[in-house]
Amino acid sequence: MKPSFLYSNSVPAEWVDYNGHMNDAEYSRAFSLATDAFIEHIGLDEAARDQWNYTIFTLETHTCYLQEVKEKATFNITAKVLDYDSKRMHMFFTMKNEADELVATFEEMLMGIDQTKGRGSPFPEPVAETIREIYQGQDNEEYIKQAGRTIGIRRK
């Protein structure tokens, strides 16, 4: 199934750390840039944010680093809406390398914010409709190993 959203980029030299691969903070930057692109994809570009006085805030994130990504390497990020309600989206982003291998995942909770009130508020209807369409058009039975993980040392 073709993803409804795709963000592509490559690793600039300034994103590479002393280990010779993309620094962990830069994975966050890459996923943040993809999140911004996804927000535009669902109809909340700058003009719409101004028109509705509405934006999206990130409430929580969880990143899994699965493989190194080196300088100049191209990567692609796709998005999946795991769940949503009137003002929140539970998102899951996957980053793959040029060989289509999974290199990192990023789970996040986003909330729509009415900027006039400074608090959570339902998505504008055209945005809510787009979110519904994306959710209904994707494979919602697909198992995602990294989704919903918690951090902890497993004891025997």
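Okay, helix α1 (residues 24–41) next. In this model, α1 (18 residues) spans 26 Å end to end at C-alpha, consistent with the 26 Å of a helix rising 1.5 Å per residue. Those residues of α1 lying buried are Glu-26, Tyr-27, Ala-30, Phe-31, Ala-34, Thr-35, Phe-38 and Ile-39. Where α1 is buried, its residues contact β1 (6–10), β2 (54–65), β3 (74–84), β4 (88–97), β5 (102–114) and α3 (125–137). With a side-chain oxygen positioned 2.8 Å from the backbone nitrogen of Ala-25, the residue opening α1 is Asn-23. At the exit of α1 stands Gly-43, carrying a positive phi of roughly 105°.

All right, on to the nonpolar core then. In this structure, Phe-38, Ile-77, Phe-93 and Met-95 are the most contacted members of the largest nonpolar core, which totals 34 residues. Contributing elements (two or more residues each) for this core: α1, β2, β3, β4, β5 and α3. No other element matches the six residues that α1 contributes to this core.

Glancing now at the packing of aromatic side chains. Using the criterion set out here, one finds seven aromatic pairs in the structure. With centroids separated by 5.2 Å and ring planes inclined at 70°, the aromatic side chains of Tyr-84 and Tyr-135 adopt a geometry described as edge-to-face. Taken together, the positions of Tyr-84 in strand β3 and Tyr-135 in helix α3 put the pair 51 residues apart, joining distant regions of the chain. One aromatic cluster is present, built from ring pairs that chain together Phe-5, Phe-31, Phe-38, Phe-93 and Phe-106.

What follows is about unusual backbone geometry. The residue Lys-72 is not glycine, and still its phi comes out positive at about 70°. Note on placement: Lys-72 falls in the loop between β2 and β3. A positive phi angle is found at Asp-100, which is not glycine, with a value near 65°. Its location among the elements puts Asp-100 in the loop between β4 and β5.

Turning to the environment of Glu-40, a few remarks are in order. Among the secondary structure elements, Glu-40 is positioned in helix α1. Judged by relative accessible area, Glu-40 falls into the partly exposed class, the value being 45%. Residues Glu-40 and Val-127 lie 87 residues apart in sequence; the distance between their C-alpha atoms is 9.8 Å. Each residue touching Glu-40, except ones within four places of it in the same chain, is listed here: Asp-45 and Arg-49.

Reading the values: rules and limits
- What you see as residue numbers is a count from 1 along each chain, following the sequence as written.
- Residue-level local features of this predicted model are given only where pLDDT is at least 70; pairs of side-chain atoms are given and counted only at 80 or more, and the full residue set underlies all totals for whole chains, interfaces and linings.
- With hydrogens and water excluded, all non-hydrogen atoms of the structure serve as input to the side-chain values.
- To qualify as a helix, a DSSP run of H or I must reach at least 4 residues; to qualify as a strand, a run of E must reach at least 2; elements of each kind are numbered from the N terminus.
- Here the expected span of a helix is defined as 1.5 Å times the quantity of residues minus one.
- We call a residue buried when its accessible area falls under 20% of the maximum for its residue type, exposed when it is over 50%, and partly exposed in between, using a 1.4 Å probe and counting protein chains only.
- Here, residues are in contact when the closest pair of their heavy atoms is within 4.5 Å.
- By the criterion applied in these results, polar contacts are pairs of N or O atoms within 3.5 Å in which, for protein atoms, one can donate a hydrogen and the other can accept it, and in which residues neighboring in sequence qualify only through two side-chain atoms.
- Nonpolar cores are built from buried Ala, Val, Leu, Ile, Met, Phe, Trp, Tyr and Cys residues. Side-chain atoms within 4.5 Å join them into one set.
- Planes of paired rings set the category: under 30 degrees apart is stacked, over 60 is edge-to-face and the rest tilted, where pairs are Phe, Tyr or Trp rings (Trp by its six-membered ring) whose centres lie within 6.5 Å.

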